[in-house]
Amino acid sequence: MDKPKKRPKGSSGISRRHFLRSVGVSGGMLGPSVLGAAALVGGTTGKSPNDAPTLGPGAVPVKLNINGKEFRVEVEPRVTLLDAMRERMGLTGAKRVCDRGECGACTVLVEGRPVYACMMLAVDAQGKKIATIEGLASGLKLDPLQTAFIKHDALQCGFCTPGFLMALKGLLLKNPHPSREEVRLAISGNVCRCGTYPKIFAAVSEVSKA
Amino acid sequence: MSKKIKAKVGLPDDPKIVELEIADRELPVWDLDYKPSLVGKDIPRMDGQDKVLGRAKYTYDVGPQDLPGLLYGKILRSVYPHARVESIDASKALALPGVKAVITLDKGEGFNAEQLLSVMSEDPNRPPAGRTVLFQGEEIAAVAAESEEIAEDALKLFEVKYRRLPFVVDHEEAMRPSAPRVHKGETTNLAGGKPEVKEQGNVAQAFKDPDLVIYEGTFRTPVVLHNCLETHGCVAKWEGDKLKVWASTQGVFGFRDDLAKIFNIPAHNVQVMTEHMGGGFGSKFGAMQYGPLAVALAKKSGRPVKLMYDRHEENLASGNRPSATMHIKIAAKKDGTLHAIDFQSYGTAGVGTGAGTSGPIWMTYKCPNVRTEEGDVFTNAGFGMPFRAPGFPQGSFALDQAMDELAGMLNLDPLDFRRKNFVGQPYLPLEIMYKLGAEKIGWNQRNARAGAGTGLVKRGIGMATGVWGNYGEPPAQAMVRIHPDGTIEAVIGTQDIGTGTRTIVGVIAAEELGVPLETVKVNIGDTTSGLTSPASGGSMTLTSIGPAVRQAAFDAKQKLFKLAAPALKTQPEELESRDGKIFVKSNPARSLPWARVAAKMGTTPIAGHGEREQNLKGYDQPAWAVQFVDVSVDTETGLVKVNKVVSVAESGRVIDRLTFESQVNGGTIMGLSYGLLERRTMDRLEGRVMNPNLEDYKILGPQEMPEIEAVIIDDVTPYNSLGSKGLGEPPVVPTAAALANAVANALGVRLFELPLTPDHVLDALTAQKEG
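Remember, predicted model here, so these are calculated numbers, not experimental data. (Residues numbered from 1 in each chain as written. Chains lettered and ligands numbered in written order. Predicted model: local features only at pLDDT ≥ 70, side-chain atom pairs only at ≥ 80, totals over all residues. Heavy atoms only, no water.)

Q: Just to check I follow, could you spell out the side chain of B:N691 for this structure?
A: Residues and elements named next belong to chain B. Within the secondary structure, N691 is located in the loop between β30 (688–689) and β31 (707–713). With a relative accessible area of 5%, N691 lands in the buried category. Within the structure, N691 has its side chain in polar contact with the backbone oxygen of D696 (distance 3.5 Å). Each residue touching N691, except ones within four places of it in the same chain, is listed here: R679, R680, T681, D696 and Y697. (Helix = DSSP H or I, 4+ residues; strand = E, 2+ residues; numbered from the N terminus. Buried < 20%, exposed > 50% of the residue type's maximum accessible area, 1.4 Å probe, protein only. Polar contact = N/O pair within 3.5 Å; in protein donor to acceptor, adjacent residues only side chain to side chain. Contact = heavy atoms within 4.5 Å.)

The structure is reproduced here in structure tokens:
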């Protein structure tokens, strides 16, 4: 596979012209080439979309870098990063709640940025550094966010907790002393049904003051 | 058989000394004079570490690494709201590589768990008997396959022939005589054919009184959905004739007993486990549909099966809070005392029942003449399930808005009006709760005349009174073991649904034993323990299991004292335990460390048993939740912005202040979400749910979060030996009403329908301008 070119900021990786061209080429149906890893990851390569490798439909080997460890699994290309982690790699920290990018419970960090793991195919997560809740603590030493969450009771049933922690970790990596509004925006993609928000704000406030 | 004790109970600023007669084995209540070493403090959750590490294992997390050969189960659901399923052809699904079992439900009406037994030995290609489905999303068939993807592909290969039938999805339409019948053979869609009527005094007569101020209004609340983050589901594994189930459930024993009955096996051959659970809120009682289907698929395939709902089906077929159309007519004498309330409420719990809302009418305020009439209206929609204080947020929305209207007509401050109508109780915390709440919200800054503010954004303040019974009771059992190394194990059957049950069990055991919390381990959520305890619901978990834990700890402690007494050259009755030391009461310097005494027991742990005793007669008092809300309403966009909520909670003795406050926050936030955002929307033409997902079904998120100030009243009730009441539900009761009262105060016009979305606000403002 070609080394992926850097995506322009804010783009989805497929230009509209590219998309429409490939739809036309394959007769109105989205061919596997459009969904091929190279097309999504690398943006426009300048080549015809039909040059992109075809993956699947059966299981394909996937190599993932998660929390500094390399995992090898075989999954169909349609399997999300989230499902690959949860059902094939025993990494059940990230949770599946809506499976359509609406609730944040599956939030992981990809190259340090918060991403919904249910909105990324496992094949597309290759070649990237992925961080999950399982890697947030260093062995027995908790991340200050984790300690603050316990102290302030920023969790109840705990199902949303890994998602919130990773979203907040992503924020603090970029912005160690965020304002309340910046915190609010950073976690606006995370939902909690038990009502832990006030305590989450309290926990982050303590960590970000330090 | 009983003994008499004296106790100081009630409010800390207004205590009452009472003489109580309690059961012989019962422990004297932790009254206002009791100085706890641990109870009542800010104690971090015992499972907090597991949860922040991502180590806490939920049912959803059980996978192939735990159960080799695990299959994934998926359910095929009806696309139509009412239809005869004439045939189900599963042959193509069965033929798909990787599919290991198929079950088709093709007999009867509605989901029939019992028929699963008969299905297991039959050929799925047999001529179908024909079945009627009653709502979009009802179960038709199920499949188990090697992967979730294959199971999903298999669902698409079923060929189902439907014959569509007339349907109705709106409860007001369903009440018309011409409406299609939901259940076969019924002459009406009203459950039981008639409403449930309760009356106190004589309401018809009372309204004839000439000296009354009367208000009458109709209020509407929609169906709303629990949307627990962890969906319904379970993992089922047969081991010979024994069954092992990991379930996302609020009641492991109820789940077990349902399965035992359906599959005709002894209950002790079924083990149900819930170690961690991603929310229930009332929607997860009993084995429901996912339990029997997973177990049947496991039996048919001979392999363990994991069946978890996806978010779409979770929003169709896992429960809801029923809707309500409530008509209230309320009268007070000119001096402000309530005289009569006439309340009629009809709503739909879909194909099920549970739409009653009269609770608050009976419990909140004192009124000599009350009549309530409530009815369940069947519709072709998903069944209702209990949802955090069932019926109460709805009834409160109507009642407390009507109270505010009446206060206005009487020219009384809304708080003063409520003060004139306090219910009778041995001690009532409402006065102090009103005082504190009013102070902290700035009640004196409230618009004296509703809608008085100028400008496009109008500000308002409103309040409401919430109430919920204290439902803890026997039976509940607990065991506390002291191990030879001095560590303690507290065992109960009940699960922790996120409220912190695990932690408060540990705290109560540690408090009674006089040891640091770190030495206590808590085992919960496994039916193998055989220790009966209630499901986690009704706000009765702490108050049912807590006293049993306390008694078990006391029992174990007495046995340990027998070991310690000779070494301390005294009698066991002379001993006490605190801070990990056992000492002579009259001479605390004479002491032994806990672990040293424990070491004397040899290899056999000491086991203490505890049972929940009866509640104390005469002290059955509900728990109260009073909320004050400050809003700003944009009169151009209709957006309601909540600035602050003061949430005052009274639930007896606080066991863990951290988790207590979390429940207050949790209930308040759920109440705000109910008031501002939530509505299950049905497409009347197709009979389908239009928003079965989290992008169109709105749940309150960080962007909508106002400032919430939780205020805790530290009172004590003698009703049980902890001095506590339940807390899970009271804080969700008054929020929507307080919110609506605040909006009415801001705008000078009232909103009668939830949620208080911009369209409703703008409609009300338009009507106000034109009217």
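Q: Would you explain helix α13 (residues 430–441) of chain B in this entry?
A: Since there are 3.6 residues in each turn of an α-helix, residues three or four apart along the chain are aligned in direction. Residue and element names in this part refer to chain B. Taking 1.5 Å of rise per residue, 12 residues should cover 16 Å, and α13 covers 16 Å from first to last C-alpha, within 8% of that figure. Considered for burial, the residues of α13 that qualify are L430, M433, Y434, L436, G437, A438 and I441. Backbone geometry just downstream of α13 places G442 in the positive-phi region, at approximately 85 degrees. (Expected span 1.5 Å × (residues − 1).)

Q: Would you mind going over the pairing of strand β2 (residues 69–75) of chain A with me for this structure?
A: Residue and element names in this part refer to chain A. Strand direction decides the pairing type here: strand β1 (residues 60–66) and β2, joined by 7 bridges, are antiparallel. Note on β2: the bridge partner recorded for K63 is R72. Between β1 and β2, which pair antiparallel in sequence order, lie 2 residues; one of them, N67, sits at a positive phi of approximately 55 degrees. (Pairing = 2+ DSSP bridges.)

Q: Whenever I open this one, unusual backbone geometry confuses me. Can you help?
A: With glycine set apart, most residues show a phi of negative sign, and most peptide bonds adopt trans. All names here are of chain B. Omega for the bond connecting P474 with P475 falls within 30 degrees of zero, at 0 degrees, which places this linkage in the cis form. Position of P475 relative to the elements: it lies in the loop between β19 (457–468) and β20 (477–482). Here L754 and P755 are connected by a cis peptide whose omega angle stands at -5 degrees. As for its placement among the helices and strands, P755 is situated in the loop between α18 (735–747) and α19 (758–770). Positive phi is not limited to glycine here, since F281 has a value of about 55 degrees. Among the secondary structure elements, F281 is positioned in the loop between β14 (270–273) and α8 (290–301). For F281, a relative accessible area of 14% puts it in the buried group.

Q: Any chance you could explain the sheet that holds strand β28 (residues 640–650) of chain B here in plain terms?
A: Residue and element names in this part refer to chain B. Taken together, 4 strands build an open sheet; the order of strands is β19-β27-β28-β31 and the sheet is mixed. Each having just a single partner strand, β19 and β31 make up the two edges of the open sheet. Strand-to-strand twist of the sheet, defined as the mean angle between neighbouring strand axes without regard to direction, takes the value 15 degrees. Across 10 bridges, the pairing between strand β27 (residues 623–634) and β28 is antiparallel. Note that in β28 the partner of V631 across the bridge is V642. Contacting β27, β28 and β31, helix α17 (residues 657–676) crosses the sheet at an angle of about 140 degrees to β28. (Axes fitted to C-alpha atoms, helices over the stretch in contact; angles between N-to-C directions.)

Q: Looking at this model, I keep getting lost on the sheet that holds β20(B). Mind explaining?
A: Residue and element names in this part refer to chain B. Spatially, 4 strands are ordered β22-β21-β20-β26 in an open sheet, and the strand pairing comes out mixed. Of all the strands in the sheet, just β22 (520–523) and β26 (606–611) have a single pairing partner and so form its edges. For this sheet the average axis-to-axis angle between neighbouring strands, irrespective of direction, equals 20 degrees. Relative to β26, β20 runs antiparallel, the two being bridged by 6 bridges. Bridged to I482 within β26 is I606. Along the sheet face, helix α14 (residues 501–513) touches β20, β21 (488–491) and β22 and points at about 135 degrees away from the line of β22. Where helix α15 (residues 541–567) meets the sheet, its contacts fall on β20 and β26, and the angle it forms with β26 comes to roughly 145 degrees.

Q: Is there a simple way to think about the state of the cysteines in this case?
A: Put plainly, a disulfide is one covalent bond tying together the sulfur atoms of two cysteines. Residues and elements named next belong to chain A. Going through the model one piece at a time under the given rule, you end up with 0 disulfides over all chains. There is no disulfide at C103, and the cysteine sulfur nearest it, in C98, is 3.7 Å away. Lacking any disulfide linkage, C194 is separated from the closest cysteine sulfur, that of C157, by 3.8 Å. Judged by relative accessible area, which is 6%, C194 ranks as buried. (Disulfide = S-S within 2.5 Å.)

Q: Mind showing me how you'd approach the packing of aromatic side chains here?
A: In this description, a pair of aromatic rings is defined by centroid distance and the angle of the planes. All names here are of chain B. Evaluation of the coordinates by the stated rule reveals 14 aromatic pairs over all chains. Taking the centre distance of 5.1 Å and the plane angle of 45 degrees together, the rings of F219 and F752 count as tilted. Residue F219 is found in strand β11 (residues 212–221), and its partner F752 is found in the loop between α18 and α19; the two are separated by 533 residues along the sequence. Note on F392 and W468: the rings are 4.8 Å apart at their centroids and 75 degrees apart in plane angle, and the pair reads as edge-to-face. Taken together, the positions of F392 in helix α11 (residues 392–410) and W468 in strand β19 put the pair 76 residues apart, joining distant regions of the chain. Judged by relative accessible area, which is 6%, W468 ranks as buried. Here a set of aromatic residues connected by ring pairs shows up, and it is made of F219, F397 and F752. The ring of Y309 has R77 sitting right over it, with the charged end atom 4.8 Å from the ring centre. One Lys or Arg, R321, reaches over the ring of F387 and ends 4.6 Å from the middle of that ring. (Phe/Tyr/Trp six-rings, centres within 6.5 Å; stacked < 30°, edge-to-face > 60°. Lys NZ or Arg CZ within 6 Å of the ring centre and 35° of its normal.)

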